[in-house]
Amino acid sequence: MKLKGAEIMCESLLREGVDTIFGYPGGAILPFYDALWSYPQLRHILVRHEQSAAHAADGYSRVTGKVGVCVATSGPGATNLVTGIMGAKADSVPMVAITGQVARASLGSEAFQECDICSIAASTTKKTFMVMNPADLAETVHEAFYVAQEGRPGPVLIDVPRDVQMELTEAVFPEITSVPVPDVSAEATERLKEAARLINEAERPLIISGHGVMTSGATKEMLALAEQSGIPVITTLLGLGSFPGGHSLSMGMLGMHGMYWSNLSVNEADLIIGVGMRFDDRVTGKVDTFAPHARIIHMDIDPTQIGRNVPVEVAVVGDAKALLQQLTPMVTNPPRPDWLQYIANLKHDHPSLNIPASDQLQAQQVIAALDTLLQEDPETTIVTGVGQHQMWAAQFLSFNQSDSFVSSGGLGAMGFELPAALGVQVAKPGTPVWSVAGDGGFQMTLQELATLTEEKLPVKIALINNGYLGMVKQWQEMYFDNHLKAVPVDGPDFIKLAEAYGVGAVRVTDQEDVLPALRQAQAHDGPFLIEFVVDSNTNVYPMVPPGGSLADTIEDPATTSNPTS
C-alpha cells in the first residue's frame, strides 16, 4: 500500500493510541494538515499560539498518562514550541512535537521560515529526528513515542520536510511495542534491604515524595509505605497529590516556600527517603546545608539524578512503583514519640497558613475558598501559572488525589496556566478544571480564551490580580533595597476582555463575595473568569532566603506571634 508521508504520520499516530493533537498550521506543515482531513479520529485543537500547543499537550499528558502531541510549522512555529518542550523536559512529561520543515532541496539555503529546529531543540528534548525519507516515517514515529516514555519520561521532536510529507512511498508499519516496566534488579534488591535497615533503625525519619511517584502510578504504594512505617511524608511542589494532603502523616510541601515545620523537620531528621524527586535547589536551599544530620536514601528511575545534588547513602535505581512494592514489606514501625511530638510542636508554634489580618482581600483567602470546592469534588484539577499565586495554591490547597495539581515546576514558565488547563479539560471532559492565574502570566497566553470558547471547554479561571509581577516585586523589596523596577503590570479591563471572547466573568474585591463567585463560576455552563482584586502588599511566606538553608526559613512577620527558632 502506497501512502504519502503525511498519511503515514497520521496512521502512525493512530497506531500509538493518539486521539488528540494541539497545533497551529503553516506552510511547511500543510501536507500533514491536508492528511488530517481524512483522519477524523485525530481531534485537532487549534490553539492561538504555538507555545500554547506545547503547554496544552503537557497538561493533557499529565492527567492521562499518555504522550501529549503538539504540531507546528517550520521557523517561528517550531521555535515557539521550544518553551513548552523545555517545560516538559524539566517536569518529566512525555511529549512528541512534530514540526514541518522546508523542502529538502532548500535545506541550508536560508529559505523562508527555515531554521535548524533539531539543533535548537537538542538540549530541550530526549531526542530529535529529522526525517529525510518518507519510508522512515513510521519507524521514526514509533521510536519517538517509545523514547518519550522510556525511563525518565520527556519530550521528543520530529522534524519533517514539506516534500517528505507529500512523497508517496510503500507504507510499512512496525509492530507497536509498549515500554515495559523495568524489573527490580538484583542490585536494587540488595540496596532496598539496606534501605529497610536504615528505615527501621531511624529515630527521626522523613519521606520526600516527588512527581515520579505519580508518573509511575505509585501513589497507593507511597501510602502503604508511610502507613507501614509510620513515617511522615513531605512532598515536592510537583509531588503534591502523590500523598493525600488530609492524611495524618502528611506534612505538605517543603522548600523555598514550603511549610516552616517541613523545612525545620528536614533540618533535624536523621534519615531522608527521597522517592521520584531530584533534590533540586528549590527543595534543598543551600545544598551543602541540606539535612545535615541525615543519611539519604534516593530512589529514582533516572540514574543521572542520584547523587547529583546531595550525597546519597543508599542509591536505588528503578521504577518507583516496583521499588516501593518490594520495600514496604521489609519495614517496621518502631515507636518514635519524641520525633512525632517535635513535628506536632512545630506545627502548633509556627502556623505557616495564618492569613494576614487586613481590610483588603487577600490572595490566600481566595485560594482557601477554592479549597472548599476541591474538597467537595476531589476530581477537580487545579492548574497554576508561576509566581506568588502558584505558591499560595501549593500551600493552601489540600490535594488528596494523584494529578489533581498541574504546574510548571522545573522551568517555571509564566503563561503555562491557561493553555495547560485547556489541555487538562480536553483530557477530562465533565470534570471541574480551574486555572489559577496571576495577572502577569495570564497576559502572556490569554488569547487561548478564544480556544476555550471555540472548543466549548468549561475551564474556570481564578485570576489573582495584584497589579504587579508579584514574586519579582517581593524579591526587589526584600533583597534589592525596595528598588521596584519594571514590576507594576497594567492590564486591560479583564471583565470586558473575557466578555469580548464570549467568556462569562465577574470581578470580586471583598472577602465575603469570594466563595459565592467561585460557586457561580462552577455552576456556569462554559468557561468563566473571576478577577480577584487582591492586596498588592502581601508577600509569600514561609520563605527560604536566596543562598540560605532550610534552617533559615523566614516566617510571615504579619502573622507570627512566636519568634522563629
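Coordinates for the structure precede this section.
Residues numbered from 1 in each chain as written. Predicted model: local features only at pLDDT ≥ 70, side-chain atom pairs only at ≥ 80, totals over all residues. Heavy atoms only, no water.

K.L.:
Help me get a handle on the packing of helix α8 (residues 186-201) against helix α13 (residues 320-327), residues and values and all.
P.N.:
Packing of α8 against α13 brings their axes to within 10 Å, and their N-to-C directions diverge by 55 degrees. Relative to α13, the element α8 is oriented oblique. Crossing hand, α8 versus α13: right-handed. Residues A188, T189, L192, A195, A196 and I199 of α8 lie in contact with α13, whose contacting residues are L323, Q326 and L327. Its residues placed into classes, the contact of α8 with α13 shows seven nonpolar, two polar and no charged. (Axes fitted to C-alpha atoms, helices over the stretch in contact; angles between N-to-C directions. Helix = DSSP H or I, 4+ residues; strand = E, 2+ residues; numbered from the N terminus. Parallel < 35°, antiparallel > 145°, perpendicular 65-115°, else oblique. Left-handed = near helix turned anticlockwise from the far one by under 90°. Contact = heavy atoms within 4.5 Å. Nonpolar A, V, L, I, M, F, W, Y, C, P; charged D, E, K, R; others polar.)

K.L.:
Tell me what's going on with the side chain of S216, and back it up with residues and numbers.
P.N.:
Mapped onto the secondary structure, S216 falls in the loop between α9 (211-215) and α10 (219-229). A polar side-chain atom of S216 sits 3.5 Å from the main-chain amide nitrogen of K321. Discounting residues that sit within four places of it in the chain, S216 has contacts with D319, A320 and K321. (Polar contact = N/O pair within 3.5 Å; in protein donor to acceptor, adjacent residues only side chain to side chain.)

K.L.:
Let's hear about the sheet that holds strand β17 (residues 433-438): which residues, and what values?
P.N.:
Strand order in this open sheet of six strands is β16-β15-β17-β18-β20-β19, and the pairing throughout is parallel. Edge strands, defined here as strands with exactly one partner in the open sheet, are β16 (405-406) and β19 (504-508). Two strands pair when backbone bridges link them, and strand β18 (residues 460-465) and strand β20 (residues 528-533) are joined in this way by six bridges, in the parallel orientation. Across the sheet, residue I461 finds its bridge partner in β20, namely L529. Along the sheet, helix α17 (residues 417-427) contacts β15 (381-384), β16, β17 and β18; its crossing angle with β17, the most-contacted strand, is approximately 175 degrees. Against the sheet, helix α22 (residues 514-523) makes contact with β17, β18, β19 and β20, and its axis sits at roughly 165 degrees relative to β20, the strand it touches most. (Pairing = 2+ DSSP bridges.)

K.L.:
Before we move on, could you go through the nonpolar core and cite the residues and values that matter?
P.N.:
Membership of the largest hydrophobic core comes to 50 residues, with the highest contact counts inside it found for F22, F442, I461 and L529. If we ignore the near neighbours within four places in the chain, the residues touching L529 are F442, I461, F494, I495, A498, V503, G504, A505 and V506. If you look at the next biggest cluster of nonpolar residues, it comprises 37 residues, including L237, L397, I464 and V534. (Core = buried A, V, L, I, M, F, W, Y, C linked by side-chain atoms within 4.5 Å. Buried < 20%, exposed > 50% of the residue type's maximum accessible area, 1.4 Å probe, protein only.)

K.L.:
Kindly report on the environment of E417, identifying the contributing residues and their values.
P.N.:
Here E417 shows up in helix α17. Judged by its relative accessible area of 1%, E417 falls in the buried class. Residues E417 and V406, spaced 11 residues apart in sequence, show a C-alpha to C-alpha distance of 8.5 Å. Beyond its immediate sequence surroundings of up to four residues, E417 is in contact with V383, T384, G385, H389, S435, V436, A437, G438, G441 and F442. At a separation of 3.1 Å, a polar atom in the side chain of E417 contacts the main-chain amide nitrogen of G415.

K.L.:
An account of the sheet that holds strand β10 (residues 233-235) is needed here, citing residue identities and associated values.
P.N.:
Taken together, the six strands give an open sheet; going across it, the order is β11-β10-β9-β12-β13-β14, and neighbouring strands pair in parallel fashion. Each edge of the open sheet is held by one strand with a lone partner, namely β11 (250-253) and β14 (314-317). The sheet shows a mean angle of 15 degrees between the axes of neighbouring strands, direction not considered. Looking at chain direction, β10 and β11 are connected through two bridges and run parallel. Bridged to T235 within β11 is M253. The sheet strands contacting α13 are β12 (271-275), β13 (295-300) and β14, and the helix crosses β13 at an angle near 130 degrees.

K.L.:
Outline the layout of surface pockets, supporting the account with residue identities and numerical values.
P.N.:
In this structure, the second largest pocket encloses a volume near 250 Å³. G245, S250, G252, Q395 and L397 are the residues nearest the centre of the second largest pocket, which is lined by 18 residues in total. Contributing elements (two or more residues each) for the lining of the second largest pocket: β11 and α16 (388-396). The biggest single contributor to the lining of the second largest pocket is β11, with four residues. Taken together, the residues that form the lining of the second largest pocket break down as 10 nonpolar, seven polar and one charged. (1 Å grid on protein atoms, 1.4 Å probe; cavity = no way out; pocket = protein on both sides within 12 Å on 5 of 7 lines; lining within 4 Å. Points joined across faces, edges and corners; volume = space filled by probe spheres on them.)

K.L.:
Provide a residue-level description of the pairing of β12, including the pertinent values.
P.N.:
The buried count for β12 comes to five of five residues, which makes it a mostly enclosed element. Sheet topology places strand β9 (residues 205-209) next to β12; five bridges connect them, and they run parallel. Looking at β12, one finds that P205 is bridged to L271. As judged from the five bridges shared by β12 and β13, these two strands associate in the parallel manner. Opposite G274, over in β13, you have H298 as the bridge partner.

K.L.:
Please set out the environment of G415 residue by residue, giving values where relevant.
P.N.:
Structurally, G415 is set in the loop between β16 and α17. Between the C-alpha atom of G415 and that of V67, which follows or precedes it by 348 residues, the distance is 21 Å. In this view, G415 contacts H55, G441, M444 and T445; residues no more than four positions away in its chain are not counted.

K.L.:
Any chance you could break down the packing of helix α1 (residues 5-15) against helix α6 (residues 137-149) for me, citing the residues and the numbers?
P.N.:
The N-to-C vectors of α1 and α6 enclose an angle of 35 degrees; their axes lie 9 Å apart at closest approach. Both α1 and α6 take part in a crossing whose hand is right-handed. Packed against α1, whose contacting residues are G5, I8, M9, S12 and L13, the element α6 presents L137, A138, V141 and F145 at the interface. When the residues that make up the contact of α1 with α6 are grouped by side-chain class, the tally is seven nonpolar, two polar and no charged.

K.L.:
I'd like to hear about unusual backbone geometry, residue by residue, with values.
P.N.:
Following Y541, the chain continues to P542 via a peptide bond in cis, the omega torsion being -5 degrees. Assignment of secondary structure puts P542 in the segment after β20. Positive phi is not limited to glycine here, since E110 has a value of about 55 degrees. On the secondary structure map, E110 appears in the loop between β5 (95-101) and α5 (117-121). With a phi angle near 45 degrees, A291 is a residue other than glycine that sits in the positive phi range. Inspection of the secondary structure assignment puts A291 in the loop between α12 (281-284) and β13. Since its relative accessible area comes to 5%, A291 is described here as buried.

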